[in-house]
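Coordinates in review
Residue-level listing of the chains:
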Amino acid sequence: MTLDPAPRAAAAAGDFVSRDSIRERFAQAMSAMYREEVPQYGTLLDIVAEVNEQVLQAAEGPSPMPQAELARLGVERHGAIRVGSARELGMLRRMFAILGMDPVGYYDLSVAGVPVHSTAFRPTGPEALARNPFRLFTSLLRLELIQDPALRALAARQLEAREIFTPEALRLTEEFEAHGGFHPAQAEAFVRELVQTFKWHARATVPADTYRRLHEAHRLVADVVCFPGPHINHLTPRTLDIDAVQERMPRRGIEPKETIEGPPRRKVPILLRQTSFKALAEPVRFDEHGAPTGAHTARFGEVEQRGIALTPKGRALYDDLLAQAGSGTAGDPRAYELRLQQVFQAFPDDLETIRRQGLGYFEYSRLRDARPTDPAGGDLDALVAAGVVQARPIVYEDFLPVSAAGIFQSNLGDAARQAYAAADARAAFERALGCEVLDEFALYESQQTASIQRCLGMPGNAREFRR
Ligand code: OOG
Ligand code: NI
């Protein structure tokens with residue numbers, strides 16, 4: 001990249017479509033495609049819209065959410081895909097960068113018996129997140145965890161031979177990288193081409209018995225290796241009351257998994273709560289003469305409720321409490337829920353305590369009618385107490401590995417989790433990706449710090465006020 005762009009290049013850049021708007025179109029196109037492919041997703045969107053409407057109407061006083069977040073609520077989605085090779089992951093990283101989505105966080109799912117590791121591609125700046133927070137949980141299959149060497153080699157060959165991107169998507173990516181942007185027609189073409197990669201194909205690329213062998217190694221291996229591309233496996237809307245959605249699903253013919261992943265219901269939602277419904281077995285044609293048909297369960301539905309992002313201290317407390325609740329309640333969902341409620345009493349359930357104890361991240365702002373001078377000598381807590389500065393919780397934009405493992409498992413139907421050696425594979429993942437993943441805590445921290453600096457009007461000094 002040149003440091004001193006020529007005036008002509010600058011003029012051309014002015015006509016480029018913003019990454020945010022390309023992402024917005026991509027999210028819309030993915031949602032429209034998935035609605036066609038999985039009608040239950042449409043039903044789920046209806047239930048979520050109803051519940052959100054009711055929650056907002058029932059809320060007394062000022063809106064429970066800031067305006068920017070309310071605006072994004074109706075279009076907010078995350079999805080998930082699984083790829084099979086370093087090349088596929090590295091290429092996705094370049095393509096998602098065009099949409100303003102960068103890899104945040106590293107999730108090792110092998111510790112939970114799922115042979116993948118993952119990151120979340122998402123927008124990272126507060127403005128981009130407010131515009132459209134579309135995220136894709138992206139997993140890379142870990143072939144080295146297939147024990148049988150012959151089967152491992154077969155899977156590798158299969159993945160080597162496939163091309164999941166259209167020639168036009170590849171060409172446009174290079175064009176974007178060469179020129180630093182897209183004009184409207186290029187943006188439109190790119191979105192159309194990129195969406196093709198995530199389509200469902202009711203056609204396996206291997207004969208039925210190969211599918212069966214890979215499926216026996218792990219269902220996920222078959223899902224990644226036996227198809228022409230990384231079909232989007234769910235798209236998740238965000239609800240303001242996940243318990244209400246969970247309760248309504250069966251009435252609309254959708255059967256949710258038994259328990260909600262993540263923290264229990266609380267007054268102040270923290271992190272992320274999620275529930276999913278099981279995928280239907282879908283007919284598949286196998287790649288052989290006489291084309292016997294079979295079935296594959298690939299796609300499912302999920303909803304999520306998001307709460308405040310936790311600091312490392314808050315997250316450590318969350319992880320600790322979750323582990324405490326998990327022990328000894330396996331197999332009994334009601335007992336688990338009760339225990340979860342009980343154990344989480346140790347996590348403060350009002351915003352001010354969460355803030356004062358440094359458990360969560362906040363965005364600080366001066367109230368409009370407040371005096372510009374500072375009656376409390378730059379003491380942030382005193383300013384908050386005096387009502388001069390307001391602290392709003394920052395929403396958690398990421399994922400939770402234990403929850404993700406629960407979502408994977410509920411849809412894989414694996415009775416027994418497979419045991420894998422917990423090697424640190426992060427470096428290999430980042431090599432495949434072509435860069436290091438961003439640190440989610442650093443992103444929240446810098447948003448909080450910048451807001452404190454704006455509030456106190458003394459850039460550079462806000463460090464002392466870090467929580
Ligand atoms: C991804 C499962 C994880 C979440 O929301 O935690 C996930 C997958 O099944 O590919 O989407
Ligand atoms: Ni998900």
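Residues numbered from 1 in each chain as written. Chains lettered and ligands numbered in written order. Predicted model: local features only at pLDDT ≥ 70, side-chain atom pairs only at ≥ 80, totals over all residues. Heavy atoms only, no water.

With respect to empty space enclosed by the protein
Counted only if it meets this: Grid points spaced at 1 Å over the protein atoms alone were grouped into cavities, where a 1.4 Å probe fits but cannot get out, and pockets, open sets with protein on both sides within 12 Å along at least five of seven lines, with lining residues defined by an atom within 4 Å of a point. Grid points are joined across faces, edges and corners, and a volume is the space filled by probe spheres set on the points. Secondary structure is summarised from DSSP: a helix means a run of H or I of at least four residues, a strand means a run of E of at least two, and numbering begins at the N terminus for each. Three classes are used, and their members are as follows: Ala, Val, Leu, Ile, Met, Phe, Trp, Tyr, Cys and Pro are nonpolar, Asp, Glu, Lys and Arg are charged, and the others, Gly among them, are polar.
Tallied over the entire structure, the rule returns 3 cavities of 30 Å³ or more. Its volume calculated, the largest cavity comes out at about 140 Å³. Looking at the largest cavity, it is lined by 17 residues, and the ones nearest its centre are A80, F137, H234, A404 and I407. Taken together, the elements giving at least two residues each to the lining of the largest cavity come down to β1 (77-83), β4 (135-141) and α17 (401-412). Along the lines of polarity and charge, the residues of the lining of the largest cavity split into 9 nonpolar, 6 polar and 2 charged.

Overview of the coordination of the nickel ion (ligand 2)
We count it as follows: Only nitrogen, oxygen and sulfur atoms qualify as donors, provided they sit within 2.8 Å of the metal or within 3.2 Å for Na, K and Ca; with water excluded from the atoms, sites may seem incomplete. Think of it in three bands: residues with accessible area under 20% of the maximum for their type are buried, residues over 50% are exposed, and the middle band is partly exposed, with areas taken using a 1.4 Å probe on protein chains only.
The protein atoms that coordinate the nickel ion (ligand 2) are H78 (NE2), H234 (NE2) and E302 (OE), at distances of 2.1 to 2.2 Å. Read from N- to C-terminus, the donor residues coordinating the nickel ion (ligand 2) fall into the pattern H-x155-H-x67-E. Placement of H78 in strand β1 and of H234 in strand β5 (residues 234-237) is noted, with a sequence separation of 156 residues between them. H234 matches H78 in its accessibility class, with the two residues each being buried.

Observations concerning the environment of F134
Condition: Here, residues are in contact when the closest pair of their heavy atoms is within 4.5 Å.
Tracing the chain through its elements places F134 in the loop between α6 (126-131) and β4. Considered as a pair, F134 and T236 are 102 residues apart in the sequence and their alpha carbons are 10.0 Å apart. If sequence neighbours within four positions are ignored, F134 has contacts with R23, F26, A27, M30, R77, M101, F121, R122, P123 and L235.

Observations concerning the nonpolar core
The criterion, for reference: Working definition of a nonpolar core: buried Ala, Val, Leu, Ile, Met, Phe, Trp, Tyr and Cys residues. They are joined through side-chain atoms within 4.5 Å.
With 68 residues, the main nonpolar core has L109, L214, Y318 and F347 as its most contacted residues. Residue contributions to this core peak at 5 residues, all from helix α11 (residues 219-225). Among residues more than four places away in sequence, those in contact with Y318 are G262, P263, I270, L271, L310, F344, F347, L400 and S403. One finds Y34, L99, F121 and L136 within the second-largest nonpolar core, a separate group that totals 45 residues.

A word on the packing of helix α13 (residues 312-326) against helix α14 (residues 333-343)
How we decide: Comment: axis = line fitted to C-alpha atoms, over the contacting stretch for helices; angle = value between 0 and 180 degrees taken between N-to-C directions. Note on convention: near helix rotated counterclockwise from far helix by under a right angle means a left-handed crossing. Clockwise means right-handed.
Packing of α13 against α14 leaves a shortest axis separation of 9 Å and a crossing angle of 145°. Where α13 crosses over α14, the handedness of that crossing is right-handed. Taking contact as the criterion, the partners of L321, L322, Q324, A325 and G326 in α13 are, on α14, Y336, R339, L340 and V343. Of the residues in the contact of α13 with α14, the class split is 6 nonpolar, 2 polar and 1 charged.

Details of the site of ligand 1
Here is the rule we go by: Throughout this document, a residue counts as near a molecule or strand when at least one of its heavy atoms sits within 4 Å of that molecule or strand. Throughout this description, a polar contact denotes any pair of N or O atoms lying within 3.5 Å of each other; where both atoms belong to protein, one of them has to be capable of donating a hydrogen while the other can accept it, and for residues adjacent in sequence the pair is counted only when both atoms sit in side chains. Computed with the Shrake-Rupley method and a 1.4 Å probe, the accessible areas treat only the protein chains shown as cover for residues. If over half the atoms of a molecule are within 2 Å of the grid points of a cavity or pocket, the molecule is regarded as sitting in it.
As a matter of local geometry, ligand 1 sits amid H78, A80, R82, F137, N233, H234, Q274, F300, E302, F399, A404 and F408. Contact between ligand 1 and H78: an oxygen atom at 3.0 Å from a side-chain N or O atom of the residue. Within the side chain of R82, one N or O atom sits 2.7 Å away from an oxygen atom of ligand 1. For ligand 1, the protein covers 100% of the area, taking 310 Å² as the surface of the free molecule. Cavity membership is defined here by more than half of the atoms lying within 2 Å of grid points; on that basis ligand 1 lies in the largest cavity. Considering every element that reaches the shell around ligand 1, the biggest residue donor is β1, with 3 residues. For the shell around ligand 1, the per-class residue count stands at 6 nonpolar, 4 polar and 2 charged.

Considerations on the side chain of H78
Assessed through its relative accessible area of 2%, H78 is described here as buried. There is a polar contact of 3.4 Å between the side chain of H78 and the side chain of H234. With residues near it in sequence (within four places) discarded, H78 still touches R135, H234, L235, T236, Q274, E302, E304, R306 and F399.

A short note on the sheet that holds strand β2 (residues 102-108)
Sheets are built from strands that pair by backbone hydrogen bonding, the pairs being arranged parallel or antiparallel. Short version of the rule: Two strands pair under a simple rule: DSSP has to find at least two bridges between them.
What the 5 strands build is an open sheet, ordered β2-β3-β4-β1-β5; its pairing is mixed. Taken across any chain shown, the strands that pair with only one partner, and hence form the sheet edges, are β2 and β5. Adjacent strand axes in the sheet meet at a mean angle of 20°, parallel and antiparallel pairs treated alike. Pairing of β2 with strand β3 (residues 116-122) involves 5 bridges; the strand directions are antiparallel. Bridge pairing links D102 to R122 in β3. The sheet strands contacting helix α5 (residues 86-98) are β1, β2, β3 and β4, and the helix crosses β4 at an angle near 165°.

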